[in-house]
Amino acid sequence: MAAALRLAMAVTCALVLASACQGLQVGYYKKTCPRVEHIIRAEVKKFVYKNAGIGAGLIRLLFHDCFVQGCDGSVLLDPTPANPEPEKLSPPNFPSLRGFEVIDAAKDAVEKACPDTVSCADIVAFAARDAAYFLSRLRVKIDMPAGRLDGRVSNASEALDFLQPPVFNITELVGSFAAKGLGVEDMVVLSGAHTVGRSHCSSFVPDRLAGVPSDINAGFANVLRRRCPADPTPADDPTVNQDFVTPNAFDNQYYKNVLAHKVLFTSDAALLGSPETAKMVKDNAYIPGWWEDRFKEAFVKMSRVEVKTGKQGEIRKNCRVVNHGHPHNKHY
């Protein structure tokens, strides 16, 4: 196990050096759209203060964007006759991914202020950053770099290839993050985002509650059995909080839940599957401020994964569709 972790770390270093994250910078729109971050934050605040779950959705939206085609807004693209199955319709994303209406509202407000200037990919990154800020009661303040362009490719099959299913073990998780240039600690720290949000019963019941041996706390399992059908179907698939203790707070409670065996997914419990990651879980659970500081760094690192620059992308006028004959297709 230790050898596998070391190998993943070595792969990570090589990938990070080769990654296309040049060009992103904090304050990227300082001259071209100076109020953009204020505009987006105001939109996010409106939605998150009405419904904390939308904030959790926005954080998840950035994860799911970045792991497929890089952080390029590809997860936002709607189906079209030419592309009937984009990422957003893939099982890891549909129907559970949320927050698209916030991105639309932010894009509309930004277009009014600075037409054809700010990419949808950057709006997703700023919105996720702001959601973490509000849900953490203003404790997680992230300096988010910008300068991403919007991609034109979005395939449902790639979401299945690159997004981690909830049944992954520790080796699979480490490998999946290493493939995107993210290290073992990044994986453990970013998993802490499961401290907010809800999950459909179908995401964990078959694997964790269906009579198979599981390390899940017995009392917690009974609570889940009362809230979930034994055999969830699309017509009967309720949601439950991922963190039953502080469900709407972006905090380190998740790690305490992992240690107490009160987490929903095999992939959550898997963090205790190696001595290295188990120690990270304990540090995040018990050292004040430890997780928040590391989350800021890991979140920015993730936001740089495989970004599109130069001729690789465009600045979409509408986040849900690629541009057609729009001036910004000069990026072609």
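Treat the numbers as computed from the prediction; the structure is a model and nothing was measured.

Q: Summarise the packing of helix H3 (residues 52-66) against helix H5 (residues 120-135); cite the residues concerned and give the values.
A: Contact geometry for H3 and H5: axes closest at 8 Å, N-to-C directions at 140 degrees. In terms of their interaxial angle, H3 and H5 are classed as oblique. Along this stretch, H3 crosses H5, giving a crossing that reads as left-handed. Residues Ala-52, Gly-55, Ala-56, Leu-58, Ile-59, Leu-61, Leu-62 and Asp-65 of H3 lie in contact with H5, whose contacting residues are Val-124, Ala-125, Ala-127, Ala-128, Ala-131, Ala-132 and Leu-135. Looking at the contact of H3 with H5 residue by residue, the class counts come to 13 nonpolar, 1 polar and 1 charged.

Q: Account for the pattern of salt bridges, naming residues and giving values.
A: Applying the stated criterion across every chain, the model contains 19 salt bridges. In this structure, Lys-301 and Asp-186 form a salt bridge, with 2.7 Å as the shortest nitrogen-oxygen distance. In this pair, Lys-301 is assigned in helix H14 (residues 290-302) and Asp-186 in helix H8 (residues 184-191), connecting sequence segments 115 residues apart. Under the relative-accessibility criterion, Asp-186 is labelled buried at 11%. Here Arg-208 makes a salt bridge to Asp-215, at a shortest N to O gap of 3.0 Å. The exposure class assigned to Asp-215 is partly exposed, which follows from its relative accessible area of 36%. Taken together, the shared-partner salt bridges connect Glu-37, Arg-41, Arg-129 and Asp-130 into one network.

Cut-off values and rules
Residues numbered from 1 in each chain as written. Predicted model: local features only at pLDDT ≥ 70, side-chain atom pairs only at ≥ 80, totals over all residues. Heavy atoms only, no water. Axes fitted to C-alpha atoms, helices over the stretch in contact; angles between N-to-C directions. Helix = DSSP H or I, 4+ residues; strand = E, 2+ residues; numbered from the N terminus. Parallel < 35°, antiparallel > 145°, perpendicular 65-115°, else oblique. Left-handed = near helix turned anticlockwise from the far one by under 90°. Contact = heavy atoms within 4.5 Å. Nonpolar A, V, L, I, M, F, W, Y, C, P; charged D, E, K, R; others polar. Salt bridge = Lys/Arg side-chain N within 4 Å of Asp/Glu carboxyl O. Buried < 20%, exposed > 50% of the residue type's maximum accessible area, 1.4 Å probe, protein only.

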